[in-house]
Amino acid sequence: MFAPDVVIIGAGAAGMLCAVTAAERGRRVLLVDHANKAGKKILMSGGGRCNFTNMYAEPANFTSTNPHFCKSALARYTPWDFIALVSKHEVPYHEKKLGQLFCDNKSKDIQRLLLAECEQAGVELHLDTSVHRIEKAAAGYELATDLGPVAASSLVIATGGLSIPTLGATGFGYEVARQFGHNVLPTRAGLVPFTLSGRLKELCTELSGTSADCVARCNGESFRENLLFTHRGLSGPAILQISSFWRPGDVVEINLLPDRDALEWLQAEQAARPNSDLKTVLSEVFTKKLAALLAEHWFASKPMKQYTPAQLREIADRLGGWQLVPAGTEGYRTAEVTLGGVDTREVSSKTMESLKSPGLYFIGEVLDVQGHLGGFNFQWAWASGHAAAQVV
Ligand code: FDA
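Residues numbered from 1 in each chain as written. Predicted model: local features only at pLDDT ≥ 70, side-chain atom pairs only at ≥ 80, totals over all residues. Heavy atoms only, no water.

In the annotation of an unreviewed UniProt entry, the protein is listed under the name NAD(P)/FAD-dependent oxidoreductase and assigned to Solirubrobacter deserti. Check the Cofactor (unreviewed entry) section of the UniProt entry for the protein; it says "FAD". (UniProt positions renumbered as here; feature names shortened; annotations may be inferred.)

Encoded structure:
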C-alpha cells in the first residue's frame with residue numbers, strides 16, 4: 001500500500017508545480033498520470049516554444065463565472081515567481097509581444113525544469129498509471145490505482161480540461177468533482193479556430209495561410225491581433241481570443257482596418273487616384289492576394305472613380321465591420337482550453353480545497369477559470385498549484 005501525504009492526479013503544468021512545492025514543504029508526494037509522459041501540453045504549447053507566462057498577468061486576463069476567484073492565488077504566485085524558476089535553470093527566454101514570455105529554444109526546457117525540480121524535491125512520479133476508484137476514508141482518501149491501493153490525507157485533482165484528447169485529456173476531474181457533490185459548469189472549447197460554411201468558407205480556403213491585422217469583437221469583448229485564414233475558416237490570435245466569448249449563433253465583427261477610418265481613407269484614395277482599381281488601393285494595406293480576393297468577392301473591383309458615395313460607404317462598412325456568423329468551432333480537437341468546469345463557488349480561493357469534501361483539492365484548468373491567449377493559462381496552472389501546495 002502506498003501511503004504518501006498527498007496524491008496528485010495529473011502530471012501537467014498545475015500538478016507538477018504543486019508537487020514540487022508541496023514536497024519542498026516536506027510533504028511526501030505521489031504524482032500519477034495515465035499518460036506516458038509528464039506535461040504533454042507543455043511540450044505542444046506556444047508552437048513548440050511554450051509561452052510559459054505573461055509579465056502583465058492580472059485577474060482581468062481571466063474569465064470565470066466567479067471572476068474574483070482567481071485573484072488570491074494569482075497575487076501569491078506571480079509571473080516573477082515562475083520567471084525566477086526559469087532563470088534558476090538558466091532556460092533562455094524572450095518576450096515575443098504584449099508581455100508574452102516564450103522559450104528561446106524548445107518547450108521541453110520547461111518540462112525538463114519541472115521534472116528536475118520534482119526529482120530534487122523527492123516527488124514520486126508514476127506515469128502510465130490510471131486511477132480506477134476513489135473513496136473517502138476516515139483520514140483522507142483511498143484510491144484503487146494501477147500501482148495498487150493508495151491512501152493519503154490530501155487528494156489533488158490536476159487532470160486539466162477536455163481539449164486535445166490525443167494528448168491525454170479526459171473528463172476525469174469533472175467525474176471526481178461530481179462524485180464528491182460538486183457542481184460542474186457546462187464545458188465548451190475555448191481559444192479555438194472558427195469554422196465557416198458556404199461562400200465564406202470558399203473565400204477562407206482560397207486565402208488559406210494569409211493573415212491580417214484586425215480587431216475582432218463579440219459580446220462586448222474585443223481583441224486587436226492578427227487573424228489567419230485557414231482552409232476551414234478563421235484562426236490566428238484575434239480569432240482564438242474572441243472564440244472564448246462566442247456562442248453558437250452569435251455574430252462576430254471584424255474590423256480589417258483597425259488603424260484608420262475606412263470611409264475617410266477610401267474617399268481620400270478615390271480623390272487622389274480615381275483611375276486605380278479598388279484591389280490596387282486595398283493592396284496598400286493588405287497582402288496582394290487578400291486585396292484581390294476581397295475586392296473581387298465583395299465589391300467587383302473596378303476603378304475607384306466608378307464607385308458612388310453609397311457604394312464607397314458600403315465598402316467601408318464591410319472592411320471596418322465585417323459581420324459573420326461562424327458555423328461553429330473546431331472543438332476540443334484543436335482548442336487550447338476548456339471553458340467551464342468545476343464551479344469555483346464551491347472551492348476555497350485561498351487553498352483550492354473543496355468546500356464539500358475536506359482534503360480534496362482542484363487546481364489548473366479543471367476549474368472554471370480560463371485565461372486569455374498569451375501565457376495566462378500556464379500562469380493560472382502555476383498559481384493555483386502553488387496555492388494548494390501551501391496546505392496539502
Ligand atoms: P494539463 O492538461 O496540462 O495536465 C493534465 C494532466 O492530467 C495531463 O498530463 C493528463 O495526461 C492527465 N490526466 C488527464 N486525465 C487523467 C486521468 N484520468 N488519470 C490520470 N491522469 C490524467 N497556455 C499558455 O499559457 N501558453 C501556451 O503557450 C499554451 N499553448 C497551448 C497549446 C496547445 C496546443 C494547448 C492544447 C494548450 C495550450 N495552452 C497554453 C493551455 C495550457 O496548456 C493549459 O491551460 C495547461 O496545460 C493546463 O494545465 P493543467 O495542469 O491544469 O492541465
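Draft legend 1. Geometry of the nonpolar core. Of all hydrophobic cores here, the largest spans 77 residues; its most connected members are Ile-9, Ile-110, Ile-134, Trp-380 and Trp-382. Setting aside residues up to four positions removed in sequence, Trp-380 forms contacts with Phe-62, Phe-69, Cys-70, Ala-73, Leu-74, Met-352, Gly-364, Leu-367, Val-369 and Gly-385. In this structure, Leu-227, Ile-242, Phe-286 and Ala-295 belong to the second largest nonpolar core, which totals 45 residues. (Core = buried A, V, L, I, M, F, W, Y, C linked by side-chain atoms within 4.5 Å. Buried < 20%, exposed > 50% of the residue type's maximum accessible area, 1.4 Å probe, protein only. Contact = heavy atoms within 4.5 Å.)

Draft legend 2. Region of interest: the pairing of strand 1 (residues 6-9). Of the two faces of strand 1, the one holding Val-6 and Ile-8 and the one holding Val-7 and Ile-9 are both buried throughout. Where strand 1 lies against strand 2 (residues 29-32), four bridges are found, and the strand directions are parallel. Within strand 2, the residue paired with Ile-8 across the bridge is Leu-31. Regarding topology, helix 1 (residues 13-24) serves as the crossover connection from strand 1 to the parallel strand 2, and that connection is right-handed. (Helix = DSSP H or I, 4+ residues; strand = E, 2+ residues; numbered from the N terminus. Pairing = 2+ DSSP bridges. Right-handed = clockwise from strand over helix to strand, strands pointing away.)

Draft legend 3. Local environment of the domain arrangement of the protein. Assigned domains within the protein: domain 1 (6-188 + 336-389) and domain 2 (194-329). Centre-to-centre separation of domain 1 and domain 2, based on C-alpha positions: 39 Å. Listed per partner, the contact involves nine residues of domain 1 and 10 residues of domain 2. In this assembly, domain 1 and domain 2 are joined by one salt bridge. Its salt-bridge partner being Glu-225, residue Lys-97 comes within 2.8 Å of it at the nearest N-O pair. (Domains from an automatic or database assignment. Salt bridge = Lys/Arg side-chain N within 4 Å of Asp/Glu carboxyl O.)

Draft legend 4. Quick peek at the site of the ligand. Looking at the ligand, there are 29 residues lining it, with Ala-14, Asp-33, Thr-170, Glu-365 and Phe-378 nearest. Between Lys-41 and the ligand, the recorded distance is 3.4 Å, taken from a side-chain N or O atom to an oxygen atom. Phe-378 has a polar backbone atom sitting 2.8 Å from an oxygen atom of the ligand. The protein chains hide 94% of the 1,000 Å² of surface that the ligand would expose on its own. Going through the elements one at a time, helix 1 and helix 13 (376-389) are the ones with two or more residues in the shell around the ligand. The element that contributes the greatest number of residues to the shell around the ligand is helix 13, accounting for four residues. (Near = heavy atom within 4 Å. Polar contact = N/O pair within 3.5 Å; in protein donor to acceptor, adjacent residues only side chain to side chain. Areas by Shrake-Rupley, 256 points an atom, 1.4 Å probe, with all protein chains shown as cover.)

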